[in-house]
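These are the residues of each chain, in order.
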Number of protein chains: 2
Amino acid sequence: MKRRKQLNGSAAEVEAAFYDALNRGDIEALMHLWADDEDIVCVHPGGPRLQGHAAIQASWEKVFENGGLQIRPSQLHETHNLMSSVHSVVEGVSSTAATPAHLLATNVYIKTPQGWRIVLHHVSVAPGPVPVSPFVQSSLH
Amino acid sequence: MKRRKQLNGSAAEVEAAFYDALNRGDIEALMHLWADDEDIVCVHPGGPRLQGHAAIQASWEKVFENGGLQIRPSQLHETHNLMSSVHSVVEGVSSTAATPAHLLATNVYIKTPQGWRIVLHHVSVAPGPVPVSPFVQSSLH
């Protein structure tokens, strides 16, 4: 079995490492951030539900083979307790498509004996460009 | 402020009540199941991120005005601890569309002083008909 790197940061640090690995196309670093559990779940935009390391790693390898991604996570919205942390993130993507769109990700982390790890990553496509901080706006009225 | 019904069931019972209310178009029952917190998040298929009771209730009212939904939740995949429960659910929908599709939902519940409540509901469209129990199949090889 492969030796896993220790990573003891917070869920937010694991998330930063996730998007860093994703933008660099570093499959090994990306997969180290997931819980060592075959119950992990990943849903790419418009894609089916993938479960387990093999299926999820294969899907990211395909993304990287197709040129990779440049994702700017923003507008983190977090619900957490001592053992789990649920993040809702707006993913800005570089795109040349005629119809502007952005991505919405739900990222769930749990605290494992190895530190915080990803257990679920679910992304969907939303219409329009990245919204202008809706949470900040809504607190004003 | 509106009086809230007490509901002390498990996250699974809250989920069953959620899909029941959704299929009956019962907006009051549906909204009672969410945490009493303006940080709740809802993403409908292909939709933007909605936050807070007012925005989320308005979105469901629109769904019900447009004829409602018939959703059959299945293939629950669950990660939980004492305070939170993360569900990945396949949502089978009645559809007359030429291209078969199904929905994938991530539902997050937390234990509040009032009992288990929904804090996040994120749904996306996946290609093809409802898959035939992929988790059961994958455990066979």
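Going by the structure above, here's the rest.
From a predicted model like this one, the values you see are computed outputs, not experimental measurements.

**Student:** Outline the overall build of chain A, listing residues and values.
**Tutor:** Broken down by element type, chain A carries four helices and six strands. Taken from the N to the C terminus, the helices and strands of chain A come in the order α-α-β-β-α-β-β-β-β-α. Within chain A, the proportion of its 141 residues that are buried is 33%. Here the contacts in chain A between residues at least 6 apart in sequence split such that 51% fall between residues at least 24 apart.

**Student:** Which residues make up the relation of the copies chain A and chain B, and what values do they have?
**Tutor:** Least-squares fitting of chain A to chain B yields an RMSD of 0.0 Å, with the superposition described by an axial translation of 0.0 Å and a rotation of 180°. Such a turn and shift between the copies fits a two-fold axis. Closest approach to the rotation axis among the C-alpha atoms of chain A is made by serine 124 of chain A, whose C-alpha sits 2.8 Å away. Taken together, the interface assignments show that 97% of the residues at the interface of chain A recur at the interface of chain B, consistent with an identical surface on both copies.

**Student:** Describe the environment of alanine 98 of chain B, listing the residues and the values that go with them.
**Tutor:** Residue and element names in this part refer to chain B. As for its placement among the helices and strands, alanine 98 is situated in the loop between strand E4 (84-93) and strand E5 (101-112). In this structure alanine 98 comes out as exposed when scored by C-beta crowding, with 5 C-beta atoms within 10 Å. In this structure, the C-alpha to C-alpha distance between alanine 98 and methionine 83, residues 15 residues apart in sequence, is 42 Å.

**Student:** I'd like to hear about the sheet that holds strand E2 (residues 49-51) of chain B, residue by residue, with values.
**Tutor:** Residue and element names in this part refer to chain B. Reading across from one edge, E2-E1-E6-E5-E4-E3 is the order of the six strands in this open sheet, with mixed pairing throughout. Looking at the sheet topology across the chains shown, the edges are occupied by E2 and strand E3 (71-80). When the angles between neighbouring strand axes are averaged without regard to direction, this sheet yields 20°. Relative to E4, E3 runs antiparallel, the two sharing eight bridges. When the bridges of E4 are listed, proline 73 appears paired with glutamate 91. Contacts between helix H3 (residues 53-65) and the sheet are confined to strand E1 (41-43) and E2, with E2 contributing the most and set at about 125° to the helix.

**Student:** A description of the nonpolar core should follow, citing residues and the corresponding values.
**Tutor:** If you look at the biggest cluster of nonpolar residues, it comprises 60 residues, and the most contacted ones within it are Ile118 of chain A together with Ile118 of chain B. Sequence-distant contacts of isoleucine 118 of chain B, that is, excluding residues within four places in its chain, are made with Val14, Phe18, Leu33, Trp34, Ala35, Ile40, Asn107 and Tyr109 of chain B.

**Student:** Help me get a handle on helix H1 (residues 11-24) of chain A, residues and values and all.
**Tutor:** Three- or four-residue spacings in an α-helix give side chains the same orientation, since the helix completes a turn every 3.6 residues. All names here are of chain A. Look at H1: 20 Å from first C-alpha to last across 14 residues, which is about the 20 Å you get at 1.5 Å a residue. Along H1, the positions that sit buried rather than exposed are Ala11, Val14, Glu15, Phe18 and Leu22. Each buried residue of H1 lies within a common arc of 100° when the element is viewed along its axis, so the set occupies one face. Two residues or fewer after H1 comes glycine 25, characterised by a positive phi angle close to 70°.

**Student:** I'd like a rundown of the sheet that holds strand E3 (residues 71-80) of chain A, residues and numbers included.
**Tutor:** Residue and element names in this part refer to chain A. Reading across the sheet, the six strands line up as E2-E1-E6-E5-E4-E3 and stay open at both edges, with mixed pairing between neighbours. Of all strands in the sheet, those with a lone pairing partner are strand E2 (49-51) and E3, marking the two edges. Averaged over all pairs of adjacent strands, the angle between their axes in this sheet comes to 20°, without regard to strand direction. With eight bridges connecting them, strand E4 (residues 84-93) and strand E5 (residues 101-112) associate as antiparallel partners.

**Student:** So what's going on with the interface of chain A and chain B? Which residues, and what values?
**Tutor:** Contact with chain A, which involves 32 residues of that partner, is made by 31 residues of chain B. Residue assignment for the side of chain A that touches chain B shows that the elements contributing at least two residues are strand E1 (41-43), E2, E3, E4, E5, strand E6 (115-127) and helix H4 (134-138) of chain A. Counting residues per element, the side of chain A that touches chain B draws most heavily on E6 of chain A, at seven residues. Partitioned by chemical class, the residues of the side of chain A that touches chain B number 17 nonpolar, 13 polar and two charged.

Reading the values: rules and limits
- Residues numbered from 1 in each chain as written.
- Chains lettered and ligands numbered in written order.
- Predicted model: local features only at pLDDT ≥ 70, side-chain atom pairs only at ≥ 80, totals over all residues.
- Helix = DSSP H or I, 4+ residues; strand = E, 2+ residues; numbered from the N terminus.
- Buried ≥ 20, exposed ≤ 12 C-beta atoms within 10 Å, placed from the backbone.
- Contact = placed C-beta atoms within 7 Å.
- Least-squares fit on C-alpha atoms with pLDDT ≥ 70 in both.
- Pairing = 2+ DSSP bridges.
- Axes fitted to C-alpha atoms, helices over the stretch in contact; angles between N-to-C directions.
- Core = buried A, V, L, I, M, F, W, Y, C linked by C-beta atoms within 7 Å.
- Expected span 1.5 Å × (residues − 1).
- Arc of directions from axis to C-beta.
- Nonpolar A, V, L, I, M, F, W, Y, C, P; charged D, E, K, R; others polar.

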